[in-house]
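Commentary on secondary and tertiary structure
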Amino acid sequence: GDGPLFNKFNQEIIKNNLHHINLLGRVDQYEVLNLMKKARLLIFPSLWYEGFPMTVIEAYACGLPVIASNLGSMQEIIDDQITGLLFEPGKSKALKETVLSIWDQEKRIQFLGENARKVFKEEYNPNKKLESLLTIYQQAIDEKH
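Now for a quick tour of the structure. (Residues numbered from 1 in each chain as written. Predicted model: local features only at pLDDT ≥ 70, side-chain atom pairs only at ≥ 80, totals over all residues. Heavy atoms only, no water.)

1. Observations regarding the sheet that holds strand β3 (residues 84–87)
Strand order across the open sheet formed by 3 strands is β1-β2-β3, with parallel pairing between neighbours. Edge strands, defined here as strands with exactly one partner in the open sheet, are β1 (42–44) and β3. The sheet shows a mean angle of 15° between the axes of neighbouring strands, taken without regard to direction. Summarising the sheet, strand β2 (residues 66–69) and β3 pair through 4 bridges and their orientation is parallel. Along β3, the bridge assignment pairs Ile67 with Leu85. (Pairing = 2+ DSSP bridges. Helix = DSSP H or I, 4+ residues; strand = E, 2+ residues; numbered from the N terminus. Axes fitted to C-alpha atoms, helices over the stretch in contact; angles between N-to-C directions.)

2. A word on the pattern of salt bridges
This structure, assessed with the given rule, holds 2 salt bridges. Residues Glu12 and Lys15 are paired through a salt bridge, measuring 3.8 Å at the closest nitrogen-oxygen approach. Here the residue Glu12 and the residue Lys15 both occupy positions in helix α1 (residues 6–15), the gap between them amounting to 3 residues, near one helical turn. Given the relative accessible area of 32%, Glu12 is considered partly exposed. Its relative accessible area of 62% is what places Lys15 among the exposed residues. A salt bridge links Arg40 to Glu106, with the nearest nitrogen and oxygen atoms 2.5 Å apart. With Arg40 in the loop between α2 (29–38) and β1 and Glu106 in helix α6 (residues 106–124), this pair connects stretches of sequence that are 66 residues apart. What makes Glu106 partly exposed here is its relative accessible area of 49%. (Salt bridge = Lys/Arg side-chain N within 4 Å of Asp/Glu carboxyl O. Buried < 20%, exposed > 50% of the residue type's maximum accessible area, 1.4 Å probe, protein only.)

Below is the structure:
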C-alpha cells in the first residue's frame, strides 16, 4: 500500500537493516496475487473491525497462511494454528513473537498454507458462493409464493 507513513516505515527498514522486508507501495491486484504466491506469510495487523477482508481470502486462494489481529472477522475467518496465527491487536511485541515463532518452520508454514488453500476451495471459491447465493434467491422466491 501507500500512505503518509510509507517513507517513515521505509526509513526504519533501512535503519534497522531489515533486508527481508520490502515496501513496494501501491501495486495492482494482478501483481498482489503474484507476490502472494511467492510470499511465505501474509501479515494482516489491522486494528479495525474489518467486515470481510478480501486480502485474507486472496491469501487463502494462493495457499498463503495469514498472521492477523485476533479481532473482528479476522478471528472468525482465520482458524488459529490451522490456517494461520492470531495475535493480540495493537501489540507489536505479540506480532513480533508470533512471526518469529513460525518464521523458520517450513513444514508448519506449508501445513498452514495447505489448510488455507483447502478452506478457500471448500468455503470461498466462486462456484460455492454462487451456489449459496442461488439457494438464497430460490428460498426467497419459494417463500413469496
